[in-house]
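Summary of the model geometry
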Amino acid sequence: MWKEVKSICVNVSGNDEILAVRIFEPLTARLWEADEHHQTLQILCFALRWGLEGGLQEKKVERQVDRYLYPLRLSDDALLDVMARFQAEMVKGLGRDTNPTATVKMLPSFVRSLPDGSEKGEFLAVDLGGSQFRAHQVKVFDDGRQSSQLESKFYPTPKEVTQGNSAELFDYVADCLSDFMETKNLKHKKLPLGFTFSFPCKQTKLEEDIDVDVLAVVNDTVGTMMTCGYDDQRCEVGLIIGTGTNACYMEEMRHIELVEGDEGRMCINTEWGAFGDDGALDDLRTEFDRELDLGSLNPGKQLFEKMISSLYLGELVRLILLKMTKEGLLFNGKVSTALLTKGKIEMKHVSAMEKYKEGLSNTKEILTELNLFPSEEDCVAVQHVCTIVSFRSANLCAAALAAILTRLRENKKLLRMRTTVGIDGGLYKTHPQYAKRLHKVVRRLVPTCDVRFLLSVSGSGKGAAVVTAVAHRLAAQRSRIDATLAPFLLSLGTLREVRNKMRAELEYGLKRETQANATVKMLPTYVCGTPDGTEKGKFLALDLGGTNFRVLLVKIKSGRRRSVQMYNKIFAIPLEIMQGTGEELFDHIVQCIAEFLEYMGIKGARLPLGFTFSFPCRQASIDKGTLLGWTKGFKATDCEGEDVVDMLREAIRRRNEFDLDIVAVVNDTVGTMMTCGYEDPNCEIGLIAGTGSNVCYMEDMKNIEIVEGNEGKMCINTEWGAFGDNGCIDNIRTKYDKEVDEGSLNPGKQRYEKMTSGMYLGEIVRQILIDLTKQGLLFRGHISESLRKRGIFETKFLSQIESDRLALLQVRRILQQLGLDSTCEDSIIVKEVCGAVSQRAARLCGAGLAAIVEKKRENRGVERLQITVGVDGTLYKLHPHFSRVLRETVKELAPQCDVTFMLSEDGSGKGAALITAVAKRLHNVGQK
């Protein structure tokens, strides 16, 4: 029996073996159960032949329709072209200059965040967008399951209201809302309200001035995305395919030129229905599309929507059937009055005719109601017309959606993206094949995107409530973040107080009777001159000021070919040496010097040496410096209170391999000033803004009471990092500063430095991030192990995060490297925290420097001072905003001083050699 059945399949299929197999296999299961008597077999074979021949007849009819409607069938190449055109329109709509002429308006919604699961509370939502007005009461629960409860009431919208004036419409909305609140006993509550207004709006902000806590005006597409985003946090696209069609998605703020700011993201309501209104789709629009458009209420507008949405597809089918009938291809050429009547075929008819099993019988019934008396072939043809029209709709929708998905993926700089599209609309929900077709085409057009399609429930109502809930959450979070960062935003008045207190501390440090108790020690350096250009010779320089130690050979040439050549080698100082004994530290330094002298081939030469020792020292002469206390993580024992030059000489003697002429012990700040002074004689101030913070300047000898003599000038190393150790700036220290101080190696000391230097800023940021996380404002309230580690947040990360060139995506990657799993919103907050901390540091540093330059102006007795500040330090050099904020603050607080900032080139190395050279020059002059 099976051979005969298969033979029939082959014959009927026109000897197409593949088609025969496709026909034969599904039948075997049913025939297996059949009676194998000859008579039964004959009946089955006859039925089979009749059914197959009928099927092929259907295929023949469908092919005829395909040929007739060929312009409506779009290849993948055509769809990729539509996708590219839509991408270009999106860019045009986002641009400030190109938006006015763009058809896809890309309207900012001012919705800046998706739900994160922490939303909670009770909200009202109203929904105006169709023949009915709806009021909703939405309860959102923070129970870990992201559950919600929705209660609604429908109010019919009379025609006289929808077509009346605006006052009548909104009075009606207000009356309905009042009735709803009374029904639900809500009038005594002041609930936040969300308003879904499903028409194109140009918004200027999220809320308007109505007597509610928060009011969000929401488009139904945005509401759909937010509703689905509440259930799936990957959802960042909303799509409506119903009576109308539209899409929204989360766009990077830096690309939205219509809105100020470039941080974070904002939902863009594309209003894509107008795509093609400028003629961009004219080559794809058919004669039927043009006829439909001419008969619409808005000819020439919403052309893309008219090819996609359910409001128009039924009418498109009617126009096609009418023409085919007039040409004698359907219903024996007989046109009924119903077929001539606009609107007689609706989307519900198209959906019914395309149903899988009962489609043909539905088609016959619908056509009969239109007085068309169809044959079987007519029914097949009409059903296929519906399929082609709805398939084109799904294809075009998929192409535009693929453009949005591609843009999202490119914004994130991902090779492959996983995302969710929230979707709503009658066409998508009720048409038997639409959803499947759309999904399939989207995945084919964007194979690099793994897309989940999530059906929205009560998108326009619940969505408005979710938007309101998110806005409510963000407003509360904003308030708490502002309160946290408020102490870091120092007013001009507060900065003037800091400047004045610094000035007072400078004076205390210079006077004999107060110097012992002064926190700003104002240490004499015994550097009594700056370079004059006559310096020359070979000098060694040592540079100890951090975790690395340098040895340099510096060759200085004078005259017309004045130059400075440097050769150096860097050596690491292990932690066990930094925090071991003084003898071990200086033996390590001498070992490094020996290696360098060997390397340079100058071990036998007794060269003059300048020792840059970047720690607080009291100097009795230029070559004697007593260490007052370690900073920057050093804790070597038996050093404090000792002369570091003597300790270096002792270590050289212990090694007994070479000898050096130690001419000067130098602070890196002084070296910075001298380096810049070599280039600019007007440079009389040195500033370090790096791992540590310090300033030096040339002070008149008559003001330095702790040194004998009144003639000339001497460089004073202020050691201003200890400013505030007496409590004078406690009013501006925050709880985070106190936590950083308590956890440091020297609690209670260097308080100003701990607020201004690179060594501590990252740790201040970390303490703030921990606090914000505990408040549930960051990282979903989870303090990771990484965030608990002291020192994990280095200051270099502040510089990277605050870079204007860095997108939030890159900020997130930096945080991920630190083991911090952040959202886009988290990244914005972290960047804001970094900005607050670094700006305060720059402003405080500027206030201190303003005190110095004002003192210099008064010393000179001039109305207006022109002076140069030599600057060094990674914070000043590498942070994207520190130097600018510092300069602006000095200008504000010392308006009578014209200050030039000059970047130092290797102040600690080259500067030490120049100080040594100047000291040698002055010594030789003294001898003569």
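Analysis parameters
- All residue numbers refer to position in the chain's written sequence, counted from 1.
- In keeping with the predicted nature of the model, local features appear solely for residues at pLDDT of at least 70, side-chain atom pairs appear and are counted solely at 80 or more, and the whole-chain, interface and lining totals rest on all residues.
- Computation of side-chain values covers all heavy atoms of the structure but excludes hydrogens and water.
- For the purposes of this entry, the term helix denotes a DSSP run of H or I that reaches at least four residues, the term strand denotes a run of E that reaches at least two, and both are numbered from the N terminus.
- Burial classification: accessible surface area is computed with a 1.4 Å probe over protein chains only, and a residue below 20% of its type maximum counts as buried, one above 50% as exposed, and the rest as partly exposed.
- The contact criterion used throughout is that any non-hydrogen atoms of two residues lie within 4.5 Å.
- The term salt bridge refers to a pairing of a side-chain nitrogen on Lys or Arg with a carboxyl oxygen on Asp or Glu at a separation within 4 Å.
- With axes taken as lines fitted to C-alpha atoms, and helix axes fitted only over the stretch in contact, angles between N-to-C directions fall between 0 and 180 degrees.
- The cut-offs work like this: below 35 degrees is roughly parallel, past 145 is roughly antiparallel, 65 to 115 is roughly perpendicular, and the gaps in between are oblique.
- It is the rotation of the near helix from the far one that decides the hand of a crossing: anticlockwise by less than a right angle makes it left-handed, clockwise makes it right-handed.
- Each residue gets one label: Ala, Val, Leu, Ile, Met, Phe, Trp, Tyr, Cys and Pro are nonpolar, Asp, Glu, Lys and Arg are charged, and the others, such as Gly, are polar.
- Here the expected span of a helix is defined as 1.5 Å times the quantity of residues minus one.
- Nonpolar side chains (Val, Leu, Ile, Met, Phe, Trp, Tyr) are joined into patches within 5 Å and like charges within 9 Å, using only residues with over 30% relative accessible area and no salt bridge.
- Method for areas: the Shrake-Rupley scheme with a 1.4 Å probe, in which residue coverage is limited to the protein chains shown.
- Think of it this way: Lys and Arg go in the positive column, Asp and Glu in the negative one, and His and the chain ends go nowhere.
- Charge placement uses NZ in Lys and CZ in Arg. For Asp and Glu, CG and CD serve respectively.
- Joining through side-chain atoms within 4.5 Å is the link that ties buried Ala, Val, Leu, Ile, Met, Phe, Trp, Tyr and Cys residues into a set, and such a set is a nonpolar core.
- Any two strands between which DSSP finds at least two bridges are classified as paired.
- Side-chain atoms alone can form a polar contact between residues adjacent in sequence; in general such a contact is a pair of N or O atoms within 3.5 Å, and within protein one must be able to donate a hydrogen while the other accepts it.
- Between rings of Phe, Tyr and Trp, where Trp is taken as its six-membered ring, a pair exists when centres lie within 6.5 Å; planes separated by under 30 degrees are stacked, by over 60 edge-to-face, and by other angles tilted.
- In this scheme, the term charge over a ring applies when either NZ of a lysine or CZ of an arginine sits within 6 Å of the ring centre and within 35 degrees of the ring normal.
- Confidence of the prediction at every residue is given by pLDDT, a number between 0 and 100.
- Any two cysteine sulfur atoms lying within 2.5 Å of each other are counted as a disulfide.

1. Considerations on the overall build of the chain
A count of helices and strands for the chain gives 33 helices and 24 strands. The buried share of the chain, taken over its 928 residues, is 57%. Across the chain, contacts joining residues at least 24 apart in sequence account for 70% of those joining residues at least 6 apart.

2. Topic: the pattern of salt bridges
Under the definition given, this model contains 53 salt bridges. One salt bridge connects Asp741 with Lys754, and the closest N-O pair in it is separated by 2.6 Å. Placement of the pair is Asp741 in helix H24 (residues 735-742) and Lys754 in helix H25 (residues 753-756), with a sequence separation of 13 residues. Residue Asp741 is classed as buried on the basis of its relative accessible area of 6%. The structure contains a network of salt bridges with shared partners spanning Arg503, Glu507, Glu699, Lys855 and Glu858.

3. Some words on the packing of H24 against helix H26 (residues 758-774)
Close contact between H24 and H26 brings their axes to 9 Å; oriented N to C, the two are set at 120°. When the interaxial angle is binned, H24 and H26 end up oblique. Handedness of the crossing formed by H24 with H26: right-handed. Contacts between H24 and H26 involve Lys735, Tyr736, Asp737, Glu739 and Val740 from the first element and Tyr760, Glu763, Ile764, Gln767, Ile768 and Asp771 from the second. Considering only residue class, the contact of H24 with H26 consists of 5 nonpolar, 1 polar and 5 charged.

4. Remarks on helix H18 (residues 492-510)
Taking 1.5 Å per residue as the helical rise, H18 with its 19 residues ought to reach 27 Å, and the 27 Å between its terminal C-alpha atoms agrees with that figure. Of the surrounding elements, those touching the buried residues of H18 are helix H19 (512-515), strand S21 (693-700), strand S22 (713-717), helix H30 (824-860) and helix H32 (882-893).

5. Here's the deal with a negative patch on the surface
A cluster of acidic residues, Glu160, Glu168, Asp171 and Asp175, forms a negative patch at the surface. By residue number, the principal contributor to the negative patch is helix H6 (residues 166-183), which donates 3 residues.

6. Re the packing of helix H10 (residues 310-326) against helix H14 (residues 376-412)
Following both chains from N to C, one finds H10 and H14 inclined at 135°, their axes separated by 10 Å at the closest point. Relative to H14, the element H10 lies oblique. In the packing of H10 onto H14, the handedness of the crossing is right-handed. For the pair H10 and H14, the contacting residues are Leu313, Leu316, Val317, Ile320, Leu321 and Met324 in the first and Val382, Val385, Cys386, Val389, Ser390, Arg392 and Ser393 in the second. The residue inventory of the contact of H10 with H14, partitioned by class, reads 10 nonpolar, 2 polar and 1 charged.

7. With respect to the nonpolar core
In this structure, Leu239, Ile241, Trp272, Leu405 and Leu438 are the most contacted members of the largest nonpolar core, which totals 89 residues. The element contributing the most residues to this core is H14, with 19 residues. Excluding residues within four positions of it along the chain, Leu239 makes contact with Thr221, Thr224, Asn246, Ala247, Trp272, Cys397, Leu401, Val421, Gly422, Ile423, Asp424 and Leu438. By size, the runner-up hydrophobic cluster in this structure holds 85 residues, among which are Val520, Leu769, Leu772 and Phe901.

8. What about the sheet that holds strand S7 (residues 235-241)?
Strands sit in the order S1-S9-S8-S7-S10-S11 across an open sheet of 6 strands; the sheet is mixed. Where the open sheet ends on each side, the last strands, each with one partner, are strand S1 (107-108) and strand S11 (449-455). Across 7 bridges, the pairing between strand S10 (residues 417-424) and S11 is parallel. Counted as the bridge partner of Thr420 is Arg452 from S11.

9. Considerations on the sheet that holds strand S19 (residues 661-666)
Strand order in the open sheet formed by 5 strands is S15-S14-S13-S16-S19, and the pairing between neighbours is mixed. The sheet terminates laterally at strand S15 (563-572) and S19, the two strands that pair on one side only. For this sheet the average axis-to-axis angle between neighbouring strands, irrespective of direction, equals 20°. Here 10 bridges tie strand S14 (residues 548-557) to S15, and the two strands are oriented antiparallel to one another.

10. Some points on helix H16 (residues 434-445)
Taking 1.5 Å of rise per residue, the 12 residues of H16 would be expected to cover 16 Å, and the 17 Å separating its terminal C-alpha atoms lies within 8% of that figure. Residues of H16 that are buried: Tyr434, Ala435, Arg437, Leu438, His439, Val441, Val442 and Leu445.

11. With respect to the environment of Leu808
Tracing the chain through its elements places Leu808 in helix H29 (residues 808-817). By relative accessible area, Leu808 is classed as buried at 6%. Linking Leu808 and Thr823, residues 15 residues apart in sequence, is a C-alpha distance of 9.6 Å.

12. Topic: the environment of Glu315
With respect to the helices and strands, Glu315 occurs in helix H10. For Glu315, a relative accessible area of 12% gives the class buried. When the C-alpha atoms of Glu315 and Asp289 are compared, they prove to be 9.8 Å apart, with 26 residues separating the residues in sequence. If sequence neighbours within four positions are ignored, Glu315 has contacts with Leu292, Lys342, Gly343 and Ile345. Here Gly343 takes part through its backbone nitrogen, which lies 3.0 Å from a polar atom of the side chain of Glu315.

13. Overview of the packing of aromatic side chains
Evaluated as defined, the whole model comprises 15 aromatic pairs. A ring pair is formed by Phe723 and Tyr752, whose centres lie 5.2 Å apart and whose planes are at 75°; its orientation type is edge-to-face. In this pair, Phe723 sits in the loop between S22 and H24 while Tyr752 sits in the loop between H24 and H25, placing the two residues 29 residues apart along the sequence. The class of Tyr752 is buried, set by a relative accessible area of 1%. Plain terms: the ring middles of Tyr876 and Phe901 are 6.5 Å apart, the flat faces sit at 25° to each other, and that makes the pair stacked. Note that Tyr876 is positioned in helix H31 (residues 874-878) and Phe901 in strand S24 (residues 897-903), a separation of 25 residues in sequence. Taken as a pair, Tyr876 and Phe901 share a single burial class, namely buried. Seen from the ring of Tyr599, Lys569 lies directly overhead, with NZ or CZ sitting 4.8 Å from the centre.

14. Some thoughts on the side chain of Asn667
Note on placement: Asn667 falls in the loop between S19 and helix H23 (668-679). Relative accessible area serves as the criterion here: at 5%, Asn667 is assigned to the buried category.

15. Considerations on the confidence of the model for the chain
Predicted confidence across the chain gives a mean pLDDT of 85, with 88% of residues reaching 70 or more. Low pLDDT, under 50, characterises residues 43-54; the stretch is placed with 15 contacts to residues that sit more than four places away or in other chains. Throughout residues 203-212 the model reports pLDDT below 50, and contacts reaching past four residues in sequence, or to other chains, amount to 22 contacts.

16. Brief notes about the state of the cysteines
Taken as a whole, this structure holds 0 disulfides when the rule is applied. Not part of a disulfide, Cys683 finds its nearest cysteine sulfur in Cys676, a span of 4.9 Å. Residue Cys683 is classed as buried on the basis of its relative accessible area, which comes to 0%.

17. Focus: the pairing of strand S13 (residues 537-544)
The element S13 is largely enclosed, with a buried count of 6 among its 8 residues. Pairing analysis gives 8 bridges linking S13 to S14, with the strands arranged antiparallel. For Gly537, the partnering residue across the bridge sits in S14 and is Ile556. Remark: 3 residues form the turn of the hairpin made by S13 and S14, two consecutive strands paired antiparallel. The pairing of S13 with strand S16 (residues 608-613) spans 5 bridges and is classified as parallel.

18. Description of unusual backbone geometry
For Phe373, which is not glycine, the phi torsion reads 45° and is therefore positive. When its relative accessible area of 63% is taken as the criterion, Phe373 is described as exposed. In this structure, Tyr526 takes a positive phi of about 65° despite not being glycine. Summarising the element assignment, Tyr526 is placed in the loop between strand S12 (523-524) and S13. A relative accessible area of 23% means that Tyr526 is categorised as partly exposed.

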